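Chain by chain, the residues:
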Amino acid sequence: MNHIEILLKKINQVITLIGGAAIALMMIHVTADIVARFFINKPLPGTITFVAHYYMIIAIFLPLAYTEQCKAAISVELISGFFSPKMNRFVDMFGSLFVSVTAFLIAYVSWGVALKNLASKTSVMQGDYTIPTWPSYFILCFGAGLLGVYCLVKFLLYLMNKENNQMIGEQK
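- The name given to the protein chain in an unreviewed UniProt entry is TRAP transporter small permease protein, with Advenella mandrilli as the source organism.
- Taken from UniProt, the Subunit (unreviewed entry) comment for the protein chain reads in full: "The complex comprises the extracytoplasmic solute receptor protein and the two transmembrane proteins."
- Regarding the protein chain, the relevant UniProt record gives this comment under Subcellular location (unreviewed entry): "Cell inner membrane".

So this is what it looks like as structure tokens:
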């Protein structure tokens, strides 16, 4: 199990770097579009399509597993403060299982949509340009699938009675 943990941690780091690069490229692309629009009166073609179908999707969906790894997701602890540590562990364990199953379902359904869009070569017309958008549908599949794998491994670690500080990427 230790090899899987290390592999997932490395994959999450690389994927998060890709998400950060997408944000940086989005800023550069939008800035270049604004500069071109105001100084030479000719906006860059496809800026809106690239932002909506590539940069934002990459930045949001790829780092989902890393967010879970760092425990950086938003959580509401309305009643868990009243639970015993054993009950909180139980809730965390089955929460991980629930997130894993849900993420795998999202990946499965989005895979079907991605294949359908691949078959039809889905694209967007913007001005005189045709911009293929079908590749962006696979990003959700990958991000949700990685989140599902991470949470499944986290659930299995709970089952094997690993302590919380032994979880992937957590600080001691």
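**Topic: the overall build of the protein chain**
Thinking step 1. For the protein chain, the helix and strand inventory stands at 5 helices and 2 strands.
Thinking step 2. Moving toward the C terminus, one meets the helices and strands of the protein chain in the order α-α-α-α-β-β-α.
Thinking step 3. In terms of overall dimensions, the protein chain is more spread out than a globule: its C-alpha atoms have a radius of gyration of 20 Å, far above the 16 Å expected for 172 residues.
Thinking step 4. Relative to its 172 residues, the protein chain shows a buried fraction of 30%.
Thinking step 5. Contacts in the protein chain between residues at least 24 apart in sequence constitute 76% of all its contacts with a sequence separation of at least 6.
Thinking step 6. Side chains of the protein chain give 12 positive and 8 negative charges; the mean places of these two sets differ by 5 Å.

**So, the UniProt feature "transmembrane region" (unreviewed entry) in the protein chain**
Thinking step 1. Residues annotated in UniProt with the feature "transmembrane region" (unreviewed entry) correspond here to residues 14-40, 46-66, 94-114 and 134-157.
Thinking step 2. As a span, residues 46-66 carries 86% helix and 0% strand, and end to end its C-alpha atoms are 30 Å apart.
Thinking step 3. Along residues 94-114, the helical share is 100% and the strand share 0%, with 30 Å between the first and last C-alpha atoms.

**Let's talk about the pattern of salt bridges**
Note on pairing: side chains with opposite charge can pair once their charged atoms come close.
Thinking step 1. If you walk through the whole model with that rule in mind, you get 2 salt bridges.
Thinking step 2. Here Arg-37 makes a salt bridge to Asp-33, at a shortest N to O gap of 2.9 Å. With Arg-37 and Asp-33 both in helix H1 (residues 2-39), this residue pair falls 4 residues apart, about one helical turn.
Thinking step 3. The closest approach of N and O atoms between Lys-154 and Glu-68, which form a salt bridge, is 2.9 Å. Of this pair, Lys-154 sits in helix H5 (residues 136-159) while Glu-68 sits in helix H3 (residues 64-69), and the two are 86 residues apart along the sequence.
Thinking step 4. Under the relative-accessibility criterion, Lys-154 is labelled buried at 6%.

**Observations regarding the nonpolar core**
Thinking step 1. Core analysis: the biggest nonpolar cluster contains 14 residues, and Leu-8, Ile-58, Leu-62, Leu-146 and Tyr-150 have the highest contact counts within it.
Thinking step 2. Listing elements by their share of this core, those giving two or more residues are H1 and H5.
Thinking step 3. For this core, the element with the highest residue contribution is H5, accounting for 7 residues.

**Observations concerning helix H4 (residues 85-119)**
Thinking step 1. The first and last C-alpha atoms of H4 sit 50 Å apart over 35 residues, in line with the 51 Å expected at 1.5 Å per residue.
Thinking step 2. Considered for burial, the residues of H4 that qualify are Met-93, Ser-96, Ser-100, Ala-103, Ala-107, Ser-110, Ala-114 and Asn-117.
Thinking step 3. Here the buried face of H4 lies against H5.
Thinking step 4. Two residues or fewer after H4 comes Lys-121, characterised by a positive phi angle close to 50°.

**Some remarks on the side chain of His-29**
Thinking step 1. Here His-29 shows up in helix H1.
Thinking step 2. Relative accessible area serves as the criterion here: at 14%, His-29 is assigned to the buried category.

**Comments concerning the pairing of strand E1 (residues 123-126)**
Thinking step 1. Bridge count for E1 against strand E2 (residues 129-132) is 4 bridges, and the pairing is antiparallel. Residue pairing in the sheet places Val-124 in a bridge with Ile-131 of E2.

**Structural notes on the packing of H4 against H5**
Thinking step 1. Between H4 and H5, the least distance of the axes is 7 Å, while the angle of their chain directions is 155°. As far as their axial angle goes, H5 and H4 are roughly antiparallel. Of the two possible hands of crossing, H4 and H5 adopt the one that is left-handed.

**Regarding a nonpolar patch on the surface**
Thinking step 1. Taken together, Phe-104, Val-149, Leu-152, Leu-156, Leu-159 and Met-160 make up a surface patch of nonpolar side chains, about 460 Å² in accessible area.
Thinking step 2. It is H5 that provides the largest number of residues to the nonpolar patch, a total of 4 residues.
Thinking step 3. Mapping Val-149 onto the fold places it in helix H5.
Thinking step 4. Exposure remark for Val-149: the relative accessible area of 32% places this residue in the partly exposed category.

Quick notes on the rules
- Residues numbered from 1 in each chain as written.
- Predicted model: local features only at pLDDT ≥ 70, side-chain atom pairs only at ≥ 80, totals over all residues.
- Heavy atoms only, no water.
- UniProt positions renumbered as here; feature names shortened; annotations may be inferred.
- Helix = DSSP H or I, 4+ residues; strand = E, 2+ residues; numbered from the N terminus.
- Rg over C-alpha atoms; globule rule 2.2 N^0.38 Å.
- Buried < 20%, exposed > 50% of the residue type's maximum accessible area, 1.4 Å probe, protein only.
- Contact = heavy atoms within 4.5 Å.
- Lys, Arg positive; Asp, Glu negative; His and termini not counted.
- Charge placed at Lys NZ, Arg CZ, Asp CG, Glu CD.
- Salt bridge = Lys/Arg side-chain N within 4 Å of Asp/Glu carboxyl O.
- Core = buried A, V, L, I, M, F, W, Y, C linked by side-chain atoms within 4.5 Å.
- Expected span 1.5 Å × (residues − 1).
- Pairing = 2+ DSSP bridges.
- Axes fitted to C-alpha atoms, helices over the stretch in contact; angles between N-to-C directions.
- Parallel < 35°, antiparallel > 145°, perpendicular 65-115°, else oblique.
- Left-handed = near helix turned anticlockwise from the far one by under 90°.
- Patch = residues over 30% accessible without salt bridge, like charges linked within 9 Å, V, L, I, M, F, W, Y side chains within 5 Å.
- Areas by Shrake-Rupley, 256 points an atom, 1.4 Å probe, with all protein chains shown as cover.

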